[in-house]
Structures are given as structure tokens and as C-alpha cells.
Amino acid sequence: MQEVSSYHQELINRISPIVENLFKGNSLYQVKLKPREMIHMLVELFGQFSPEEMREIKDDDLTDRIDSILILEAVSGTLNDLTPEQIAIFDAAVEGRSIR
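Caption draft 1: Seen up close, helix 3 (residues 35-46). Taking 1.5 Å per residue as the helical rise, helix 3 with its twelve residues ought to reach 16 Å, and the 16 Å between its terminal C-alpha atoms agrees with that figure. Burial in helix 3 covers these residues: Met38, Ile39, Leu42, Val43 and Phe46. Buried residues of helix 3 fall within an arc of 135° about the axis and therefore sit on the same side. What points out from helix 3, more than 90 degrees from its buried face, is the exposed set Arg36 and His40.

What follows is the structure in C-alpha cells.
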């Protein structure tokens, strides 16, 4: 059990600074996401890898992976925030129709 707790803390120690750094450089993350929630979610997600697998992931690669996940989290649900008029404009743009 001590080993699981130690690995969990190792993940927190590795993921937290990456998330904090990414948040500093991205206003979308600052508006849409909560750093602590994202760190918790990422620790759970990356906790599915074995400690050996995680240690093999280079910091640059891990940063890219985390950034991709944060982007997805930040933009998911964005369409739900649009008004019906904005959705019609979006649909027209996606379908290649002219916007009235």
C-alpha cells in the first residue's frame, strides 16, 4: 500500500508543475479550468500507467500530452455556451454555407 501512495505522490510531483506552467501561459485554461481538478484528473489518468512506463515518458512528451488533454477539457462543452443564433452561424460555417 505504501508503494501505491508513493507512486501517487510521484505523479502529483511530476504533473503539478507542468499543469501550473501550462496554466500560466494560457488564458483559456485560466478561464475554463480549475488547476487542482485538472491535476487530480491527470493523476488518475496517468496512474493507469505503471511507474516504469511513466518514468520512460520524457518531460517534453508528458507536457505535450497534458497540454492536449487540457485543450480538450477546455473546449469541450463550448458549443453549449452558445446562443441559438451563434449555433446557427457555427453550423453555417461548418457546412460551408453563407451566413445570412
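Caption draft 2: Expanded view of the packing of helix 3 against helix 5 (residues 59-75). Between helix 3 and helix 5, the least distance of the axes is 12 Å, while the angle of their chain directions is 120°. If you check the angle between helix 3 and helix 5, you find them oblique. Here helix 3 runs over helix 5; the crossing is right-handed. Of the residues in helix 5, those touching helix 3 at Met38, Met41, Leu42, Leu45 and Phe46 are Leu62, Arg65, Ile66, Ile69, Leu70 and Glu73. Residues belonging to the contact of helix 3 with helix 5 are distributed by class as follows: nine nonpolar, no polar and two charged.

Caption draft 3: Representation of the pattern of salt bridges within the structure. Summed over the entire model, instances satisfying the criterion amount to three salt bridges. One salt bridge connects Arg55 with Glu10, and the closest N-O pair in it is separated by 2.8 Å. With Arg55 in helix 4 (residues 51-56) and Glu10 in helix 1 (residues 2-24), the pair connects residues that are 45 residues apart, well separated along the chain. Here Arg14 makes a salt bridge to Asp59, at a shortest N to O gap of 3.0 Å. With Arg14 in helix 1 and Asp59 in helix 5, the pair connects residues that are 45 residues apart, well separated along the chain.

Caption draft 4: Summary view of the nonpolar core. Core analysis: the largest hydrophobic core is formed by 20 residues, its most contacted members being Ile15, Phe46, Ile66 and Leu70. Of all elements in the fold, only helix 1, helix 3 and helix 5 reach the threshold of two or more residues within this core. When residues of this core are assigned to their parent elements, the largest contribution, seven residues, is made by helix 1. For Phe46, the contacting residues outside a window of four places in its chain are Tyr7, Leu11, Ile15, Met54, Leu62, Arg65, Ile66 and Ile69.

What counts, and where the lines are drawn
Residues numbered from 1 in each chain as written. Predicted model: local features only at pLDDT ≥ 70, side-chain atom pairs only at ≥ 80, totals over all residues. Heavy atoms only, no water. Helix = DSSP H or I, 4+ residues; strand = E, 2+ residues; numbered from the N terminus. Expected span 1.5 Å × (residues − 1). Buried < 20%, exposed > 50% of the residue type's maximum accessible area, 1.4 Å probe, protein only. Arc of directions from axis to C-beta. Axes fitted to C-alpha atoms, helices over the stretch in contact; angles between N-to-C directions. Parallel < 35°, antiparallel > 145°, perpendicular 65-115°, else oblique. Left-handed = near helix turned anticlockwise from the far one by under 90°. Contact = heavy atoms within 4.5 Å. Nonpolar A, V, L, I, M, F, W, Y, C, P; charged D, E, K, R; others polar. Salt bridge = Lys/Arg side-chain N within 4 Å of Asp/Glu carboxyl O. Core = buried A, V, L, I, M, F, W, Y, C linked by side-chain atoms within 4.5 Å.

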